[in-house]
Amino acid sequence: MQRPEAWPRPHPGEGAAAAPAGGPAPPARGREPAGLRLQEPSLYTIKAVFILDNDGHRLLAKYYDDTFPSMKEQMAFEKNVFNKTSRTDSEIAFFGGMTIVYKSSIDLFLYVVGSSYENELMLMSVLTCLFESLNHVLRKNVEKRWLLENMDGAFLVLDEIVDGGVILESDPQQVIQKVNFRADDSGLTEHGVAQVCLPRLILLLWSFLPWH
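All figures in this text were calculated on a predicted structure; none of them were measured in a lab.

*Asks:* Is there a simple way to explain the pairing of strand E4 (residues 98–105) in this structure?
*Replies:* A regular strand places its side chains so that they alternate between the two faces of the sheet. Where burial is concerned, most of E4 is hidden: six out of the eight residues are buried. Sheet topology note: the strand E3 (residues 92–95)/E4 ladder contains four bridges and is antiparallel. Note that in E4 the partner of alanine 93 across the bridge is isoleucine 100. In the sheet, E4 pairs with strand E5 (residues 108–115) via eight bridges, with the strands oriented antiparallel. Pairing of methionine 98 across the sheet is with serine 115, part of E5.

*Asks:* Would you mind showing me how to read helix H4 (residues 151–161) here?
*Replies:* One turn of the α-helix equals 3.6 residues, which is why residues spaced by three or four share an orientation. In terms of burial, H4 is largely enclosed, as eight of its 11 residues are buried. Within the sequence span of H4, burial applies to Met151, Gly153, Ala154, Leu156, Val157, Leu158, Glu160 and Ile161.

*Asks:* In this structure, what is going on with the pattern of salt bridges? I would like to understand it.
*Replies:* Once their charged atoms are close, side chains differing in charge can pair, the charge on each being opposite to the other. Counted by the stated rule, this structure contains six salt bridges. Salt-bridge contacts for aspartate 65 lead to lysine 47; the nearest nitrogen and oxygen are separated by 2.8 Å. Here the residue aspartate 65 occupies a position in the loop between strand E2 (58–63) and helix H1 (71–85), and lysine 47 occupies one in strand E1 (residues 46–53), the gap between them amounting to 18 residues. For lysine 47, a relative accessible area of 18% puts it in the buried group.

*Asks:* I keep staring at the packing of aromatic side chains and nothing clicks. Help me out?
*Replies:* Each aromatic ring pair is summarised here by two numbers: the centre-to-centre distance and the angle between the ring planes. Summed over the entire model, instances satisfying the criterion amount to nine aromatic pairs. Plain terms: the ring middles of phenylalanine 50 and tyrosine 63 are 6.3 Å apart, the flat faces sit at 10 degrees to each other, and that makes the pair stacked. With phenylalanine 50 in strand E1 and tyrosine 63 in strand E2, this residue pair connects regions lying 13 residues apart in the sequence. The pair formed by phenylalanine 50 and tyrosine 63 is uniform in burial state, with each residue classed as buried. Ring centres of phenylalanine 82 and phenylalanine 109 lie 5.4 Å apart, and the angle between their planes is 90 degrees; this geometry places the pair in the edge-to-face category. One end of the pair, phenylalanine 82, is in helix H1; the other, phenylalanine 109, is in strand E5, and 27 residues separate them in sequence. Across the pair, phenylalanine 109 and phenylalanine 82 agree in class, each one buried. The ring of phenylalanine 131 has lysine 103 sitting right over it, with the charged end atom 4.8 Å from the ring centre.

The rules we used
- Residues numbered from 1 in each chain as written.
- Predicted model: local features only at pLDDT ≥ 70, side-chain atom pairs only at ≥ 80, totals over all residues.
- Heavy atoms only, no water.
- Buried < 20%, exposed > 50% of the residue type's maximum accessible area, 1.4 Å probe, protein only.
- Helix = DSSP H or I, 4+ residues; strand = E, 2+ residues; numbered from the N terminus.
- Pairing = 2+ DSSP bridges.
- Salt bridge = Lys/Arg side-chain N within 4 Å of Asp/Glu carboxyl O.
- Phe/Tyr/Trp six-rings, centres within 6.5 Å; stacked < 30°, edge-to-face > 60°.
- Lys NZ or Arg CZ within 6 Å of the ring centre and 35° of its normal.

As structure tokens, this is what we get:
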């Protein structure tokens, strides 16, 4: 009986997958499913950062892409996120195809939003840096009243941490140094940043109060 033809051993320097002359080609490797492909890394890590009060009302917010292009869409997103997170003890939520890390402090909720495939630890480092930096600027009073009275300083802090969705800094000490440097350039001292006058927004809201 004739023996079946065996696959020849490849000679040195030849690829192991090379097909023998006149013989059938070895099975081709299948394509990797699209769902298993890794997302290309991007510097644009942060989609949004916002701070809400304990009623879910916006106090500070910055969006860094066009996921929510209008104010109406942003406010609706913030309301949904608040409803999902305000009564839980977790620090991470997955909502609407996004990864959200958050932290509460007295009557404030701080949120950092990234895409669904972003590293939670990286997002958490931004959140921690934001909180610790605000804690310094607000003299360890990270609450609604002090945030509203020091909104200029809060925006300075955020701008030093994230710019256009790119993480610039995650070390609170470096952020504080840069904020103080910018404050000095604008004629404010570190004390001045913490004791800045009421922003125009508060004065505008005050004018709409019923007893005004």
